[in-house]
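Architecture and fold: a report
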Amino acid sequence: MKTFSDYQIAEISEKSREEITKLENEIKKGTDRDVVLIAYQEK
């Protein structure tokens, strides 16, 4: 079973970062809460 320590912050494109930010903002609108989405990849 994998654990948190098996992952690291993912290296993603600028376009992917923009899409994640857009999704964070959409979630915030729907929930009225700040949300941070983080991309991880296996080490």
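Check the entry above for the structure.
Since we're looking at a predicted model, the values are computed, not measured.

1. What about the packing of aromatic side chains?
Within the structure shown, the criterion is met by one aromatic pair. Arranged with centres 5.6 Å apart and planes meeting at 75 degrees, the rings of phenylalanine 4 and tyrosine 40 form a pair that is edge-to-face. Within this pair, whereas phenylalanine 4 is found in the segment before β1 (7-9), its partner tyrosine 40 is found in strand β2 (residues 40-42), the two being separated by 36 residues in sequence. Note on tyrosine 40: relative accessible area 37%, which makes it partly exposed.

2. Notes on the pattern of salt bridges
A full pass over the atoms with the stated rule returns three salt bridges. Between glutamate 42 and lysine 2 there is a salt bridge, and its shortest N-O distance comes to 2.6 Å. Remark: lysine 2 occurs in the segment before β1 and glutamate 42 occurs in strand β2; sequence separation between them is 40 residues. Judged by its relative accessible area of 45%, glutamate 42 falls in the partly exposed class. Among the residues examined, lysine 2 registers a relative accessible area of 45% and is labelled partly exposed.

3. Thoughts on unusual backbone geometry
With phi around 60 degrees, aspartate 32 is a residue other than glycine that occupies positive phi space. Note that aspartate 32 resides in the loop between α1 (14-31) and β2.

4. Quick word on α1
Residues spaced three or four apart along an α-helix face the same direction, because each turn holds 3.6 residues. The first and last C-alpha atoms of α1 sit 26 Å apart over 18 residues, in line with the 26 Å expected at 1.5 Å per residue. Where α1 terminates, the next one or two residues include aspartate 32, which has phi positive at roughly 60 degrees.

What counts, and where the lines are drawn
- Residues numbered from 1 in each chain as written.
- Predicted model: local features only at pLDDT ≥ 70, side-chain atom pairs only at ≥ 80, totals over all residues.
- Heavy atoms only, no water.
- Phe/Tyr/Trp six-rings, centres within 6.5 Å; stacked < 30°, edge-to-face > 60°.
- Helix = DSSP H or I, 4+ residues; strand = E, 2+ residues; numbered from the N terminus.
- Buried < 20%, exposed > 50% of the residue type's maximum accessible area, 1.4 Å probe, protein only.
- Salt bridge = Lys/Arg side-chain N within 4 Å of Asp/Glu carboxyl O.
- Expected span 1.5 Å × (residues − 1).

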